[in-house]
Amino acid sequence: MSTDVATEIGDLTVPQHVAIIMDGNGRWARQRMRPRTMGHAAGLEVLREIIRAGLELNIGFLTFFGFSTENWNRPADEVSFLIDLLRRYLQREVVKLHEQGVRLRFIGNRDRFDDDIRALLVNAEQLTRQNTALNVTIALSYGGREEIVSAARRLAEAAVRGDIAVDEIDETRFEAALFTASLPAPDLLIRTSGEKRLSNFLLWQTAYTEFVFTDVLWPDFSAEHLQQAVAEFGSRDRRFGGIIG
Ligand code: IPE
Ligand code: IPE
Ligand code: MG
């Protein structure tokens with residue numbers, strides 16, 4: 001394993017970038033005969049715990065799928081609960097994350113959020129931009145297809161303006177036009193709740209990512225589960241199209 005994508009901590013080979021699809025909040029609540037919103041509130045607590053665990057494990061980048069482009073189609077009361085949860089999280093949590101040395105980034109289409117949320121997102125990114133202990137990225141109103149289309153559009157516009165030649169459009173330039181321009185590709189992607197699909201998350205970026213699927217519902221996910229996934233990652237043989245060597 002090359003050291004640029006992983007570091008050794010004790011017996012663990014720790015991936016540089018872990019992406020997580022936090023799924024199963026609704027089913028967790030239903031198991032308890034509670035409204036789905038309870039599951040989302042419980043899921044937010046777990047987000048805190050996993051960020052703490054990421055700091056302890058010395059993971060460089062943690063990227064969370066918080067809300068997809070398609071999630072806007074959920075019932076209006078669930079969407080507004082999630083937006084309120086996000087608002088309160090940003091109001092309360094950003095300073096604490098800053099104190100822990102976390103750099104926050106948000107990826108996705110911000111146009112659908114109210115002005116106050118957009119301002120909170122910008123403030124969080126500005127406040128934490130010098131931090132280096134852990135890079136936390138939260139995907140909000142994010143869709144991988146939309147991201148790819150908007151990158152293509154930006155490059156097409158640059159070509160029409162004459163800023164770049166069509167021949168100059170390559171993978172490096174394309175990557176630089178994605179929301180994730182400043183992030184390395186994820187080494188490990190974890191999805192909770194037993195679903196085995198990407199649901200439009202990081203379509204371009206996961207070309208060579210290792211996937212770990214767990215049946216654990218997100219509100220039950222813990223630092224130990226993260227460690228187990230990291231251990232599983234360490235046992236994988238990444239070949240990137242090469243041969244076993
Ligand atoms: C993930 O949990 C959180 C969001 C998508 C916002 P779900 O709300 O998808 O929970 P399930 O999949 O219905 O159990
Ligand atoms: C993906 O989960 C989005 C997030 C976890 C934020 P969904 O619950 O929306 O995905 P599907 O509908 O099961 O594919
Ligand atoms: Mg779900």
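Residues numbered from 1 in each chain as written. Chains lettered and ligands numbered in written order. Predicted model: local features only at pLDDT ≥ 70, side-chain atom pairs only at ≥ 80, totals over all residues. Heavy atoms only, no water.

What follows covers the packing of aromatic side chains. In this structure the tally under the stated criterion is 10 aromatic pairs. Taking 5.4 Å as the distance between ring centres and 55 degrees as the angle between the ring planes, the aromatic pair formed by Trp 72 and Phe 113 counts as tilted. Taken together, the residues span a long stretch of sequence, with Trp 72 in the loop between strand S4 (61–68) and helix H3 (76–99) and Phe 113 in the loop between strand S5 (102–107) and helix H4 (115–127) at a distance of 41 residues. You can call Trp 72 buried: its relative accessible area is 15%. Taking the centre distance of 5.9 Å and the plane angle of 85 degrees together, the rings of Tyr 142 and Phe 201 count as edge-to-face. Linking Tyr 142 in strand S6 (residues 134–142) with Phe 201 in the loop between strand S7 (188–191) and strand S8 (210–213), this pair joins segments that are 59 residues apart in sequence. By the ring-pair criterion, three or more aromatic residues cluster together here, those being Phe 65, Tyr 142, Phe 179 and Phe 201. (Phe/Tyr/Trp six-rings, centres within 6.5 Å; stacked < 30°, edge-to-face > 60°. Helix = DSSP H or I, 4+ residues; strand = E, 2+ residues; numbered from the N terminus. Buried < 20%, exposed > 50% of the residue type's maximum accessible area, 1.4 Å probe, protein only.)

Close to ligand 2 lie Ile 21, Met 22, Asp 23, Phe 65, Gly 66, Phe 67, Asn 71, Arg 74, Arg 191, Arg 197 and Ser 199, which account for all nearby residues. A distance of 2.6 Å separates an oxygen atom of ligand 2 from a polar side-chain atom of Ser 199. For ligand 2, whose unbound accessible area comes to 390 Å², protein coverage reaches 77%. At three residues, S4 tops the list of elements feeding residues into the shell around ligand 2. Tallied by class, residues from the shell around ligand 2 come to four nonpolar, three polar and four charged. (Near = heavy atom within 4 Å. Polar contact = N/O pair within 3.5 Å; in protein donor to acceptor, adjacent residues only side chain to side chain. Areas by Shrake-Rupley, 256 points an atom, 1.4 Å probe, with all protein chains shown as cover. Nonpolar A, V, L, I, M, F, W, Y, C, P; charged D, E, K, R; others polar.)

Our next topic: the site of ligand 1. The full set of residues close to ligand 1 is Met 22, Asp 23, Gly 24, Asn 25, Gly 26, Arg 27, Arg 36, His 40, Gly 66, Asn 71, Arg 74 and Leu 82. Backbone polar atom of Gly 26 to an oxygen atom of ligand 1: 2.9 Å apart, as the coordinates give it. With respect to ligand 1, the backbone of Arg 27 contributes an N or O atom lying 2.8 Å from an oxygen atom. A total of 380 Å² of accessible area belongs to ligand 1 in isolation, and the protein chains cover 87% of it. Looking at the shell around ligand 1, the element that brings in the most residues is helix H1 (residues 25–31), giving three residues. A per-class count over the shell around ligand 1 returns two nonpolar, six polar and four charged.

This part takes up the side chain of Thr 206. The topology assignment puts Thr 206 in the loop between S7 and S8. In this structure the side chain of Thr 206 is engaged in a polar contact, spanning 2.8 Å, whose partner is the backbone oxygen of Leu 202. The contacts of Thr 206, once residues within four sequence positions are left out, are Pro 186, Leu 189, Leu 198 and Phe 211. (Contact = heavy atoms within 4.5 Å.)

Another aspect to go through is the confidence of the model for the protein chain. When pLDDT is low, close inspection of the predicted coordinates is not appropriate. This prediction gives the protein chain a mean pLDDT of 96; 97% of its residues lie at or above 70. Element-level mean pLDDT values for the protein chain span from 72 in strand S1 (residues 6–9) up to 99 in strand S3 (residues 17–21). (pLDDT = per-residue confidence, 0-100.)

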